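Next come the chains, spelled out residue by residue.
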2 protein chains.
Amino acid sequence: MKEQNIPICTEQKIHPCEIERAGQHMPAEEDLFSLAELFKVFGDSTRVRILSLLCDTELCVCDIAACLGMNLSAISHQLRVLKQAKLVRFRKEGKTVYYSLADAHVEHILAQGLDHVRE
Amino acid sequence: MKEQNIPICTEQKIHPCEIERAGQHMPAEEDLFSLAELFKVFGDSTRVRILSLLCDTELCVCDIAACLGMNLSAISHQLRVLKQAKLVRFRKEGKTVYYSLADAHVEHILAQGLDHVRE
DNA sequence: TGAATACTTGAACAGTTGTTCAACTATTGA
DNA sequence: TCAATAGTTGAACAACTGTTCAAGTATTCA
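What you see is a predicted model, and the numbers here were worked out from it, not measured in a lab.

S.K.: How should I be thinking about the relation of the copies chain A and chain B in this particular structure?
M.R.: In summary, the two copies of the chain are related to each other by a rotation about an axis coupled with a shift along it. Note on the identical chains: chain A maps onto chain B by a rotation of 180° and an axial translation of 0.0 Å, with an RMSD of 0.0 Å. When the rotation and shift are considered jointly, the pair of chain copies conforms to a two-fold rotation axis.

S.K.: How do you make sense of the nonpolar core when you look at a structure like this?
M.R.: Across soluble globular proteins, nonpolar side chains show a tendency to be buried alongside one another. Of all hydrophobic cores here, the largest spans 66 residues; its most connected members are Phe-42, Leu-51 and Ile-64 of chain A together with Phe-42, Leu-51 and Ile-64 of chain B. Ignoring anything within four residues of it in the chain, the contact list for Ile-64 of chain A reads Ile-50, Leu-53, Leu-54, Leu-59, Ile-75 and Leu-79 of chain A.

S.K.: Help me understand the protein's contact with DNA strand C in this model?
M.R.: Contacts to DNA strand C come from 24 residues, most closely from Ser-73 and Ser-76 of chain A together with Thr-46, Ser-73 and Gln-78 of chain B. Atoms of DNA strand C within 4 Å of the protein belong to the sugar or the phosphate in 69% of instances, the rest to bases. Cys-62 of chain A places a main-chain nitrogen or oxygen 2.8 Å from a phosphate oxygen of DNA strand C. Take Asn-71 of chain B: an N or O atom from its side chain is 3.5 Å from a phosphate oxygen of DNA strand C. Going through the elements one at a time, α4 (61-68), α5 (72-84) and β3 (96-101) of chain A together with α3 (45-53) and α5 (72-84) of chain B are the ones with two or more residues in the surface near DNA strand C. Split into classes, the residues belonging to the surface near DNA strand C amount to 8 nonpolar, 10 polar and 6 charged.

S.K.: How should the sheet that holds strand β2 (residues 88-93) of chain B be read in this particular structure?
M.R.: All names here are of chain B. With antiparallel pairing, 3 strands are arranged side by side in an open sheet as β1-β3-β2. Strands with a single pairing partner mark the edges of an open sheet, and in this sheet they are β1 (59-60) and β2. With 6 bridges joining them, β2 and strand β3 (residues 96-101) adopt antiparallel strand pairing. In the sheet register, Arg-89 faces β3, and the bridge partner there is Ser-100.

S.K.: Would you explain the protein's contact with DNA strand D in this entry?
M.R.: Ser-73 and Gln-78 of chain A together with Ser-73, Ser-76 and Tyr-99 of chain B are the nearest of the 25 residues found near DNA strand D. Within the side chain of Thr-46 of chain A, a nitrogen or oxygen atom sits 2.8 Å from a phosphate oxygen of DNA strand D. Between DNA strand D and Asn-71 of chain A, the relevant distance is 3.5 Å, taken from a phosphate oxygen to a side-chain nitrogen or oxygen of the residue. For the surface near DNA strand D, the secondary-structure elements that each account for two or more residues are α3 (45-53) and α5 of chain A together with α4 (61-68), α5 and β3 of chain B. Considering each element in turn, the surface near DNA strand D owes the most residues, 5 residues, to α5 of chain B. Its residues placed into classes, the surface near DNA strand D shows 9 nonpolar, 10 polar and 6 charged.

S.K.: Quick question: what am I supposed to make of the packing of aromatic side chains here?
M.R.: All names here are of chain A. In the structure shown here, the tally under the stated rule is 5 aromatic pairs over all chains. Ring centres of Phe-90 and Tyr-99 lie 5.8 Å apart, and the angle between their planes is 35°; on these two criteria the pair is classed as tilted. Residue Phe-90 is classed as partly exposed on the basis of its relative accessible area of 47%. Judged by its relative accessible area of 7%, Tyr-99 is buried.

S.K.: Sorry, what's going on with α5 of chain B here?
M.R.: Residue and element names in this part refer to chain B. Between its first and last C-alpha, α5 extends 18 Å over 13 residues, near the 18 Å set by a 1.5 Å rise per residue. Taken as a whole, α5 has its buried residues at Ile-75, Gln-78, Leu-79 and Leu-82. An end-on view of α5 places all buried positions within 110° of arc, on one side of the element. Tucked inside the fold, the buried residues of α5 contact α2 (29-42), α3, α4, β2 and β3. Capping the start of α5, Asn-71 holds a side-chain oxygen 2.8 Å from the backbone nitrogen of Ser-73, two or three residues further along. Looking one or two residues past α5, Lys-86 carries a phi angle of roughly 60°, positive in sign.

S.K.: Please clarify how the interface of chain A and chain B should be interpreted in this entry.
M.R.: Taken together, the contact between chain A and chain B spans 58 residues of the former and 58 residues of the latter. Summed over the shared surface of chain A and chain B, the number is 4 salt bridges. Note that Glu-29 of chain A and Arg-49 of chain B form a salt bridge whose closest N and O atoms lie 2.9 Å from each other. Of all elements in the fold, only α1 (16-24), α2 (29-42), α3, β1 (59-60), α4 and α6 (104-117) of chain A reach the threshold of two or more residues within the side of chain A that touches chain B.

The rules we used
- Residues numbered from 1 in each chain as written.
- Chains lettered and ligands numbered in written order.
- Predicted model: local features only at pLDDT ≥ 70, side-chain atom pairs only at ≥ 80, totals over all residues.
- Heavy atoms only, no water.
- Least-squares fit on C-alpha atoms with pLDDT ≥ 70 in both.
- Core = buried A, V, L, I, M, F, W, Y, C linked by side-chain atoms within 4.5 Å.
- Buried < 20%, exposed > 50% of the residue type's maximum accessible area, 1.4 Å probe, protein only.
- Contact = heavy atoms within 4.5 Å.
- Near = heavy atom within 4 Å.
- Polar contact = N/O pair within 3.5 Å; in protein donor to acceptor, adjacent residues only side chain to side chain.
- Helix = DSSP H or I, 4+ residues; strand = E, 2+ residues; numbered from the N terminus.
- Nonpolar A, V, L, I, M, F, W, Y, C, P; charged D, E, K, R; others polar.
- Pairing = 2+ DSSP bridges.
- Phe/Tyr/Trp six-rings, centres within 6.5 Å; stacked < 30°, edge-to-face > 60°.
- Expected span 1.5 Å × (residues − 1).
- Arc of directions from axis to C-beta.
- Salt bridge = Lys/Arg side-chain N within 4 Å of Asp/Glu carboxyl O.

Laid out in structure tokens, this is it:
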């Protein structure tokens, strides 16, 4: 807490001691990038609604579209985003594709966010 | 769990039973909207980097800009977004403004996200 | 085989977002 | 009072995003 003037930043710093503290706990730059990418996926109300629907059950694309009152194509596009982010899994059965949450983590992140939103 | 055909959706549903299960656990529409808004704020790497910097310490705008190698104005704009979302607090001391995390929730959400990102 | 169903995909469009630049306010200290 | 410092703000612009439409695939069933 008293080590001063260690140049971890490229520009002139006003409070070197505090900056050093801050720097010590920083995750790797690439982790922070992935973190932002993850939250970006959660940061759309259509996708959040899809994820909420999939808590505790699996649904086909048709059902999701019906529940959200949206067009099949829009849902399919968003499911692709969720799939790429590994937030949902799918299973094919004949013509229909069933989607479900990828793991419990997804539900936890939603719940934690809801806690904050509801104060 | 066997109650079927209850019309909670406006369109024709393929699997009414599963749809009913999904519907029962859905948070209020407005909470889901706020939730997406919250994650949207976390969904930018500049903002995530600022929040990470502010874990365990407070920093002035100048310091944050120096640490991230970015222009003062860009940081100020993003701090405004974080302020509006109540993710950061600030304290004025003479000419300088010190920012810090609003509460422990913010750190928890970041940590939970990092867990998922690192698998 | 051929029609119907369930979904996916790509192009196009409007709307949104993040950064920069320049100009501004507020506080300090000479 | 004047210059310097720390930060905020608004306009502008390019880049990105979500939805729609139209056309595509894959599977089923008659």
